[in-house]
Amino acid sequence: MLIDHTDKVVLVSGGARGIGRTIVDRFVAEGAAVTALDIAFDEDDTAAGHVQLACDVSSPESVASAVRTVVERHGRIDVLINNAGINVVGSVEDLDWDRWRACFDVNVGGVFLLSQAVIPTMKQQRSGRILNAASFAAIVPSIGSAAYAASKSAVVQFTRVLAGELGPYDVTVNAYAPGMVPTAMNGFAEMAPADQDRLLDTLSLRRWQSAKDVADLLVFLASDSAGYITGTLVDVSGGKLATQIPSRAYEI
Ligand code: NAD
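Bear in mind that the values here come from a model prediction, so they are computed numbers and not experimental data.

> For the overall build of the protein chain, give the residues involved together with the corresponding values.
Each helix and strand counted, the protein chain has seven helices and eight strands in total. Relative to the globule expectation of 18 Å for 252 residues, the C-alpha radius of gyration of the protein chain, 18 Å, shows essentially globular dimensions. For the C-alpha atoms alone, the extent of the protein chain along its principal axes is close to 55 × 45 × 35 Å. Counting the 252 residues in the protein chain, one finds 45% classified as buried. Once local pairs closer than 6 in sequence are excluded, the contacts in the protein chain between residues at least 24 apart make up 70%. For the protein chain, the exposed surface amounts to about 12200 Å²; the carbon and sulfur share of it is 54%. Of the charged side chains in the protein chain, 20 are positive and 29 negative, and the gap between their average positions amounts to 5 Å.

Structure below.
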């Protein structure tokens, strides 16, 4: 068995629902000591084999307190998964400033604050993994996604710089780009069938992505087997727009 996360201390932001919750469950199943951070948690709790801490990733105080709690309890942090994110939709002409700022505060600010908070611990350990949720939108954005796509592109560049800064400490930093996982964030599953078809037609693997596809990648990237991968954006989108008009293959 090359992948072994037994007793690894793993921190997952946005772990209350959606992809984050699946990541939490997956690392718990791999034997890790997982703490989920989420603004949706009312109070600190233990559930389904992991610890839940109330945390707003866009608040420096909230992030500092959560990371302090984890370090006090475990004495180390092996893996940070910056999964928390929000989607802000609207044309540039119509977007209001507060929504633009909220998108950057959570999607970029949250990644910055949590990464910064774990750096001293990971440097001291001379080991660690930081994994940042980007998006396919950072590769090819869609109409109405200026705030979200720009925030996810920022995550990619942030990832590259931090990978360089932490290389001397053997801490790796990578971003990953899911494609289309139906969750509360996007409402794909509730769309009219014709709209779902149009989206599915952009995929080489013409099916909705499951959160497990993302968790599987992260279990690998967090492992010793991925020790020489850093500063990258890993596309886990099922071949979204890997070719022009991928649906042609299904018509043959
Ligand atoms: P989701 O909306 O289902 O879950 C997001 C979680 O983040 C929620 O539990 C929410 O409470 C939490 N959160 C939001 N703001 C927070 C804050 N300020 N502090 C702490 N927690 C906060 O979303 P999802 O679809 O599971 O997406 C997870 C990540 O994956 C996001 O970063 C998203 O941008 C990215 N992503 C998702 C898809 C997709 O198809 N679902 C595609 C590409 C990228």
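So that's the structure; there's more coming.
> Pulling in residues and values, what's your account of the pattern of salt bridges?
Under the defined criterion, the tally for this structure stands at eight salt bridges. Put simply, Glu30 and Arg26 hold a salt bridge, and the shortest N to O gap is 2.9 Å. Under the relative-accessibility criterion, Glu30 is labelled buried at 17%. Note on Arg26: relative accessible area 23%, which makes it partly exposed. The shortest N-O distance in the salt bridge between Asp216 and Arg26 comes to 2.0 Å. Pair noted here: Asp216 is in helix α6 (residues 211–221) and Arg26 is in helix α1 (residues 18–29), with a separation of 190 residues, a long-range link.

> So what's going on with the confidence of the model for the protein chain? Residues and values would help.
Per-residue pLDDT for the protein chain averages 97, and the proportion of residues at 70 or more is 99%. Considering each helix and strand of the protein chain separately, the mean pLDDT is smallest for strand β3 (residues 45–47), with a value of 91, and largest for strand β5 (residues 79–82), with 99.

> Account for the packing of aromatic side chains, with residues named and values stated.
Going through the model one piece at a time under the given rule, you end up with three aromatic pairs. Summarising the aromatic geometry, the rings of Phe112 and Phe158 are spaced 6.5 Å apart at their centres and angled 85 degrees between planes, so their arrangement reads as edge-to-face. Taken as a pair, Phe112 in helix α3 (residues 97–125) and Phe158 in helix α4 (residues 146–166) lie far apart in primary sequence, 46 residues in all. For Phe112, a relative accessible area of 37% gives the class partly exposed. Overall, the relative accessible area of 22% leaves Phe158 in the partly exposed class. When the centroid spacing of 5.1 Å and the interplanar angle of 10 degrees are considered together, the rings of Phe188 and Trp208 count as stacked. A residue pair is termed long-range when its members are at least 10 positions apart, and Phe188 in the loop between β7 (171–178) and α5 (193–200) and Trp208 in the loop between α5 and α6 qualify at 20 residues. Residue class for Phe188 comes out buried when judged on its relative accessible area of 12%.

> Tell me what's going on with the side chain of Asp38, and back it up with residues and numbers.
Here Asp38 shows up in strand β2 (residues 33–38). With no salt bridge to any partner, buried Asp38 finds its closest opposite charge in Arg17, at an N-O distance of 6.8 Å. Among the polar contacts made by the side chain of Asp38, one reaches the main-chain amide nitrogen of Ala40 at a distance of 2.8 Å. When neighbours within four sequence positions are excluded, Asp38 is seen to be in contact with Gly14, Gly15, Ala16, Leu53, Ala54 and Cys55.

> Could you give an account of the site of the ligand, with specific residues and numbers?
Near the ligand you find 28 residues, and of these Arg17, Asp38, Tyr148, Val181 and Thr183 are the closest. Protein contact buries 95% of the 830 Å² of open area that the ligand shows by itself. Going through the elements one at a time, α1 and α4 are the ones with two or more residues in the shell around the ligand. In the shell around the ligand, the residues fall into 16 nonpolar, eight polar and four charged.

> I'd like to hear about the state of the cysteines, residue by residue, with values.
Tallying each qualifying case throughout the model produces zero disulfides. The thiol of Cys103 is unpaired, and the distance to the nearest cysteine sulfur, on Cys55, comes to 18 Å. Among the residues examined, Cys103 registers a relative accessible area of 0% and is labelled buried.

> Explain the UniProt feature "domain: Ketoreductase" (unreviewed entry) in the protein chain to me, and be specific about the residues and the numbers.
Summarizing the sequence annotation, UniProt attributes the feature "domain: Ketoreductase" (unreviewed entry) to residues 8–179 in the numbering used throughout. With 45% helix and 22% strand, residues 8–179 has its two end C-alpha atoms placed 28 Å apart.

Conventions adopted
Residues numbered from 1 in each chain as written. Predicted model: local features only at pLDDT ≥ 70, side-chain atom pairs only at ≥ 80, totals over all residues. Heavy atoms only, no water. Helix = DSSP H or I, 4+ residues; strand = E, 2+ residues; numbered from the N terminus. Rg over C-alpha atoms; globule rule 2.2 N^0.38 Å. Buried < 20%, exposed > 50% of the residue type's maximum accessible area, 1.4 Å probe, protein only. Contact = heavy atoms within 4.5 Å. Areas by Shrake-Rupley, 256 points an atom, 1.4 Å probe, with all protein chains shown as cover. Lys, Arg positive; Asp, Glu negative; His and termini not counted. Charge placed at Lys NZ, Arg CZ, Asp CG, Glu CD. Salt bridge = Lys/Arg side-chain N within 4 Å of Asp/Glu carboxyl O. pLDDT = per-residue confidence, 0-100. Phe/Tyr/Trp six-rings, centres within 6.5 Å; stacked < 30°, edge-to-face > 60°. Polar contact = N/O pair within 3.5 Å; in protein donor to acceptor, adjacent residues only side chain to side chain. Near = heavy atom within 4 Å. Nonpolar A, V, L, I, M, F, W, Y, C, P; charged D, E, K, R; others polar. Disulfide = S-S within 2.5 Å. UniProt positions renumbered as here; feature names shortened; annotations may be inferred.

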